Amino acid sequence: MTEAKVRILILCIHPELGETFLQCVCQNVSGTKGETIVENRPVSLEVLAGDPRMTPNWDETIKKADAVALLIRFLDVISLDKIRAIYRRLPSERSSPMAVILFREEGEIDFK
């Protein structure tokens, strides 16, 4: 019996960051979607980027995910405001797993 594919939604401010992340962690990538295997289980990752208030079907897409990951590159004031907007938009009744991932180039630091 084949296990069902786990659907993980990658939330981020900029689509380019999500696409770069997919290129690093997935064997098969097409735009904002990728697939990989974790502990012999198929995993489908999809990037949902930008302001949730401006993204059509954002709420419906979140509800369909088995898990979400908030992908962050910088922690400056402007980025934190945008990250908070994404986090606050998540459904309060959400009980599926959530992770926060800090994803940067080697040696990259926040600009102050």
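Going by the structure above, here's the rest.
Remember, predicted model here, so these are calculated numbers, not experimental data.

Colleague: Mind showing me how you'd approach the overall build of the protein chain here?
Modeller: Scanning the protein chain from N- to C-terminus turns up three helices and six strands. Order of helices (α) and strands (β) in the protein chain, N terminus to C terminus: β-α-β-β-β-α-β-α-β. For the protein chain, the C-alpha radius of gyration of 14 Å lies close to 13 Å, the compact-globule estimate for 112 residues. Taken along the three principal axes of its C-alpha coordinates, the protein chain extends 50 × 35 × 20 Å. Considering only intrachain contacts with a sequence separation of at least 6, the fraction spanning at least 24 residues in the protein chain is 73%. Here the protein chain contributes 15 positively and 17 negatively charged side chains, and the mean placements of these two sets differ by 5 Å.

Colleague: Which parts of the structure should I look at to understand helix α1 (residues 15–25)?
Modeller: Each α-helix turn comprises 3.6 residues. Residues three or four places apart therefore point the same way. Restricting attention to buried positions, one finds in α1 the residues Leu17, Gly18, Phe21 and Leu22. Along the axis of α1, the buried residues cluster in a sector spanning 135°; they form a single face. The outward face of α1, more than 90 degrees from its buried face, is lined by the exposed residues Glu16, Gln23 and Cys24. If you follow the buried residues of α1, they end up packed against β1 (6–12), β2 (28–30), β3 (33–38), β4 (41–49), β5 (67–72) and β6 (98–102).

Colleague: Honestly, the environment of Glu46 in this entry has me stumped. Any pointers?
Modeller: In this fold, Glu46 is placed in strand β4. Between the alpha carbons of Glu46 and Gln27 there is a distance of 14 Å; along the sequence they are 19 residues apart. Excluding anything up to four places from it in sequence, Glu46 contacts Arg7, Ile8, Leu9, Ile10, Thr32 and Lys33.

Colleague: How should the pairing of β4 be read in this particular structure?
Modeller: Looking down a regular strand, the side chains alternate between one sheet face and the other. Here β1 runs beside β4; their pairing, made up of seven bridges, is parallel. Within β4, the residue paired with Leu11 across the bridge is Leu48. Pairing analysis gives six bridges linking β3 to β4, with the strands arranged antiparallel. Bridge pairing in β4 places Lys33 opposite Glu46. Counting the residues that bridge the hairpin from β3 to β4 gives two residues, and of these Glu39 lies at a positive phi of roughly 50°.

Thresholds applied
Residues numbered from 1 in each chain as written. Predicted model: local features only at pLDDT ≥ 70, side-chain atom pairs only at ≥ 80, totals over all residues. Heavy atoms only, no water. Helix = DSSP H or I, 4+ residues; strand = E, 2+ residues; numbered from the N terminus. Rg over C-alpha atoms; globule rule 2.2 N^0.38 Å. Contact = heavy atoms within 4.5 Å. Lys, Arg positive; Asp, Glu negative; His and termini not counted. Charge placed at Lys NZ, Arg CZ, Asp CG, Glu CD. Buried < 20%, exposed > 50% of the residue type's maximum accessible area, 1.4 Å probe, protein only. Arc of directions from axis to C-beta. Pairing = 2+ DSSP bridges.

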